[in-house]
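# Summary of the model geometry
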Amino acid sequence: MAVQRSEPVSVVQLGAPLGEGPVWVERDAALWFVDIKSYRIYRLDPVSHALRNWQAPGQCGFVLPCADGRFIAGLQSGLARFDPATGAFEPLIDPEPQLPGNRLNDGTVDPHGRLWFGTMDDAETAESGTIYRLGADGRCVASTPCCAITNGPAFSPDGGTIYHVDTGKGLIYACTVTEDGTLIDRRLFASIPNEEGHPDGPTVDAEGCIWVGLYNGWGVRRYSPKGELLEQIRFPVSAITKVAFGGPDRKTLYATTAAKHLSAEERAKQPHAGDLFAFEVDVPGVPGVEIRYGI
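This write-up is about the structure you can find in this document. (Residues numbered from 1 in each chain as written. Predicted model: local features only at pLDDT ≥ 70, side-chain atom pairs only at ≥ 80, totals over all residues. Heavy atoms only, no water.)

## Some words on the sheet that holds strand S9 (residues 88–93)
- The strand order across the open sheet built from 4 strands is S6-S7-S8-S9, with neighbouring strands paired in antiparallel fashion. In this open sheet, the two edge strands, each paired with only one partner strand, are strand S6 (60–65) and S9. Pairs of neighbouring strands in the sheet enclose a mean axial angle of 30 degrees, with direction left out of account.
- Bridge count between strand S7 (residues 71–75) and strand S8 (residues 78–83): 5 bridges; the pairing is antiparallel. Directly across from leucine 75, in S8, lies its bridge partner glycine 78. (Pairing = 2+ DSSP bridges. Helix = DSSP H or I, 4+ residues; strand = E, 2+ residues; numbered from the N terminus. Axes fitted to C-alpha atoms, helices over the stretch in contact; angles between N-to-C directions.)

## Thoughts on the packing of aromatic side chains
- By the definition in use, this model includes 16 aromatic pairs.
- An angle of 65 degrees between the planes, with centres 6.1 Å apart, marks the rings of phenylalanine 189 and tyrosine 223 as edge-to-face. Of this pair, phenylalanine 189 sits in strand S17 (residues 183–191) while tyrosine 223 sits in strand S20 (residues 219–223), and the two are 34 residues apart along the sequence. Residue phenylalanine 189 shares its accessibility class with tyrosine 223, and that shared class is buried.
- Taken together, the aromatic side chains of Trp32, Trp54, Phe71, Phe82 and Phe89 make up a single cluster linked through ring pairs.
- The cationic tip of arginine 27 hangs over the ring face of phenylalanine 71; the distance from NZ or CZ to the ring centre is 4.9 Å.
- Over the ring of tyrosine 173 we find arginine 186; its NZ or CZ atom is 3.6 Å from the centre of that ring. (Phe/Tyr/Trp six-rings, centres within 6.5 Å; stacked < 30°, edge-to-face > 60°. Buried < 20%, exposed > 50% of the residue type's maximum accessible area, 1.4 Å probe, protein only. Lys NZ or Arg CZ within 6 Å of the ring centre and 35° of its normal.)

## What to know about the sheet that holds strand S12 (residues 131–134)
- With antiparallel pairing, the 4 strands of this open sheet are ordered in space as S10-S11-S12-S13. The two strands at the open ends of the sheet, each matched to only one other strand, are strand S10 (102–109) and strand S13 (140–142). Pairwise comparison of adjacent strand axes, ignoring direction, gives a mean angle of 30 degrees for this sheet.
- As paired elements, strand S11 (residues 115–121) and S12 share 3 bridges and run antiparallel to each other. Following the sheet pairing, phenylalanine 117 is matched in S12 by tyrosine 132.

## Notes on the environment of leucine 171
- The residue leucine 171 is located in strand S16 (residues 171–177) in this model.
- Sequence separation between leucine 171 and glutamate 7 is 164 residues, and the spatial gap between their C-alpha atoms is 27 Å.

## A short note on the pattern of salt bridges
- Under the defined criterion, the tally for this structure stands at 18 salt bridges.
- The closest approach of N and O atoms between aspartate 68 and arginine 81, which form a salt bridge, is 3.6 Å. Of this pair, aspartate 68 sits in the loop between S6 and S7 while arginine 81 sits in strand S8, placing them 13 residues apart in sequence.
- Owing to a relative accessible area of 11%, arginine 81 belongs among the buried residues under this scheme. (Salt bridge = Lys/Arg side-chain N within 4 Å of Asp/Glu carboxyl O.)

## What about unusual backbone geometry?
- In the segment running from glycine 152 into proline 153, the intervening peptide bond is cis, with an omega of 10 degrees.
- Mapping proline 153 onto the fold places it in strand S14 (residues 150–155).
- The residue asparagine 216 is not glycine, and still its phi comes out positive at about 65 degrees.
- For asparagine 216, the location among the structural elements is in the loop between strand S19 (210–215) and S20.
- Positive phi, close to 55 degrees, is recorded for arginine 250, a residue that is not glycine.
- Accessibility expressed as a relative area gives 10% for arginine 250, which makes it buried.

## Details of the environment of proline 153
- By relative accessible area, proline 153 is classed as buried at 1%.
- Residues proline 153 and serine 77 lie 76 residues apart in sequence; the distance between their C-alpha atoms is 20 Å.
- Contacts of proline 153, omitting those with residues within four sequence positions, involve Thr108, Trp116, Phe117, Ile131, Ile162, Tyr163 and His164. (Contact = heavy atoms within 4.5 Å.)

## Describing the nonpolar core
- Counting residues in hydrophobic clusters, the biggest one holds 33 residues, and the most contacted among them are Trp32, Val63, Leu79 and Leu115.
- Contributions of two or more residues to this core are made by strand S2 (19–25), strand S3 (30–35), S6, S7, S8, S10, S11 and S12.
- Discounting chain neighbours no more than four positions away, the residues touching valine 63 are Val23, Trp32, Val34, Ile41, Phe71, Ile72, Ala73 and Phe82.
- Grouped together as the second largest cluster of nonpolar side chains are 16 residues, Ile240, Leu253, Leu262 and Phe277 included. (Core = buried A, V, L, I, M, F, W, Y, C linked by side-chain atoms within 4.5 Å.)

Here's what the structure looks like:
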């Protein structure tokens, strides 16, 4: 099905060094996202346009809603429980205490309510990051081979396939997910040459198509479940970090962007770099799920 879309427009002017992690939270009809390098968590009410923010205790790659009404935040120091009512952070677990140069980067919740997240080398060079699953016992289970910059993961609508990204090498992988959360049959889903941009944060729509932001690629791509490139949407900024569906019908696609990589001259040519963008599509995203295990 062809996607009829509007053009991407800046809906929040932030100029964030590294905007990331957009997620639509059903229970309060709002979009949450972060600015990793500014240690900030944001909540946007798209109806009133009210924007709230909280200071995180360190670099924060994502915030995802829990079934108890709070959130789990992915900090450089590990997972923490975040309470927006008080602004407090309660440390939970550091999956990599032996790797102080790593940080948590991106995360999602699968259809069963399990938290999955990735780590990466903060210097973006060492192949020390991996994708973890938070088990029901509160332990973090490493689930993929290591790479320098992990992104995603994202899940097919039925939860049977997981997609994760090796950003530095331009590779998107798919794996089959067993009932207990083990990943098998890892295969290459798509490869993007560096000159076309680096695949960043992905999401999946109701047709099972994969949307992925392109860092230094000036756009967002949509792939079929078979890995066929269906469409590319051009942005007025070069670094799109992650996309997420939102709105009451989940037909608004939000995209975080970054400005940290730009020189002063490049920044002048991209005045909306680091802003939050949005555009409308015909095929909606899948309903969000709250974290129910391991918390």
